[in-house]
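Notes for the structure review
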Amino acid sequence: MLTDAAPRRKSRELFGESDRMRDLVLPDDGRLQKIAASLEDAMKREALEDVSRSCAEFLAVASDFYRVPMCSIRVLAARPLRARERSTIELFGDYQPGGRLIRVWMKTAVRKDVTSFGTFLSTLCHEFCHHLDFERFGFRDSWHTRGFYERTAALYHHSRMTPVKRIFWVPVRGGRWRVDWSRMNRGR
Ligand SMILES: [Zn+2]
């Protein structure tokens, strides 16, 4: 995971706000977990329609909880040739703010392997967090900041019922940050 560089001028302040916002309020009912479990089952069966239905339910429940307009979902069997790609996660899905549309695909582009459930769910959460950036937080753009990745991780671990790990960051060139995997694995 690598963050975007801060934009110049106008949006810089909002970028900083996104970067500092490391927490995401989470629902205290088990609805997202339940839907995620159905999604995992549908993925195992490679049942595209059931996967689509579970994704739509997940987004409906999440949009309702965060009080944002609903966003649409399109689950594709394979990655489209012309997909927007700003970070590695975008190899698995994308978000179109104008149309409030999330697209995710079940197979990777290169080897046509079925995307793992973990990657698929984390992509869905990632794209939904782009939706939140525009619709809930009112950011002009949805940057991949440290805060963005941490909000995404919070939603993902909540939905999958896995423990949230503290994310350690190291600065890299150009004012960007990347995850320090060796510290992550040590946990300190
Ligand atoms: Zn993204």
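First, a word on scope: everything that follows refers to the structure included in this document. Everything quoted here is computed from the prediction, not taken from an experiment.

A short note on the packing of helix α3 (residues 48–65) against helix α4 (residues 117–135)
If you want to describe how two helices pack, look at the angle between their axes and the distance between the axes. Closest axis-to-axis distance for the α3/α4 pair is 11 Å, and the angle between their directions is 40 degrees. As summarised for this structure, α3 and α4 are arranged oblique, according to the angle between their axes. Note on packing geometry: the crossing formed by α3 with α4 is right-handed. Of α4, the residues touching α3 (which contributes Val-51, Cys-55, Phe-58, Leu-59, Ala-62 and Ser-63) are Phe-120, Leu-121, Leu-124, Cys-125, Phe-128 and His-131. For the contact of α3 with α4, a count of residues per class yields 10 nonpolar, two polar and no charged.

Re the nonpolar core
In this structure, Leu-39, Val-51, Phe-120 and Phe-128 are the most contacted members of the largest nonpolar core, which totals 40 residues. Those elements that provide at least two residues to this core are α2 (31–44), α3, β3 (101–107), α4 and α5 (146–160). Examining the composition of this core, we find that eight residues originate from one element, α4, more than from any other. With residues near it in sequence (within four places) discarded, Val-51 still touches Leu-39, Ala-42, Met-43, Val-75, Met-106 and Phe-120.

A few points about the sheet that holds strand β1 (residues 72–78)
Here three strands make up an open sheet; going across it, the order is β1-β3-β2 and the pairing mixed. Of all strands in the sheet, those bounded by a partner on one side alone are β1 and β2 (93–96). Between one strand axis and the next, the sheet turns by 15 degrees as a mean value, whatever way the strands run. Bridge count for β1 against β3 is six bridges, and the pairing is parallel. Directly across from Arg-74, in β3, lies its bridge partner Arg-103. Contacts from α3 reach β1 and β3, with the element oriented near 150 degrees to β1. Its contacts with the sheet place α4 against β1, β2 and β3, and it is angled at close to 170 degrees to β3.

A closer look at the pattern of salt bridges
Tallying each qualifying case throughout the model produces 10 salt bridges. The partner of Glu-150 in a salt bridge is Arg-22, and the shortest N-O contact between them spans 3.2 Å. Highlighted residues: Glu-150 in helix α5 and Arg-22 in the loop between α1 (12–20) and α2, separated in sequence by 128 residues. For the salt bridge of Asp-50 with Arg-45, the shortest nitrogen-to-oxygen distance reads 3.1 Å. Using a relative accessible area of 21% as the deciding quantity, one classes Asp-50 as partly exposed. Judged by its relative accessible area of 45%, Arg-45 falls in the partly exposed class. Connected via shared salt-bridge partners are Asp-41, Arg-45, Asp-50 and Arg-53.

The rules behind these values
- Residues numbered from 1 in each chain as written.
- Predicted model: local features only at pLDDT ≥ 70, side-chain atom pairs only at ≥ 80, totals over all residues.
- Heavy atoms only, no water.
- Axes fitted to C-alpha atoms, helices over the stretch in contact; angles between N-to-C directions.
- Helix = DSSP H or I, 4+ residues; strand = E, 2+ residues; numbered from the N terminus.
- Parallel < 35°, antiparallel > 145°, perpendicular 65-115°, else oblique.
- Left-handed = near helix turned anticlockwise from the far one by under 90°.
- Contact = heavy atoms within 4.5 Å.
- Nonpolar A, V, L, I, M, F, W, Y, C, P; charged D, E, K, R; others polar.
- Core = buried A, V, L, I, M, F, W, Y, C linked by side-chain atoms within 4.5 Å.
- Buried < 20%, exposed > 50% of the residue type's maximum accessible area, 1.4 Å probe, protein only.
- Pairing = 2+ DSSP bridges.
- Salt bridge = Lys/Arg side-chain N within 4 Å of Asp/Glu carboxyl O.

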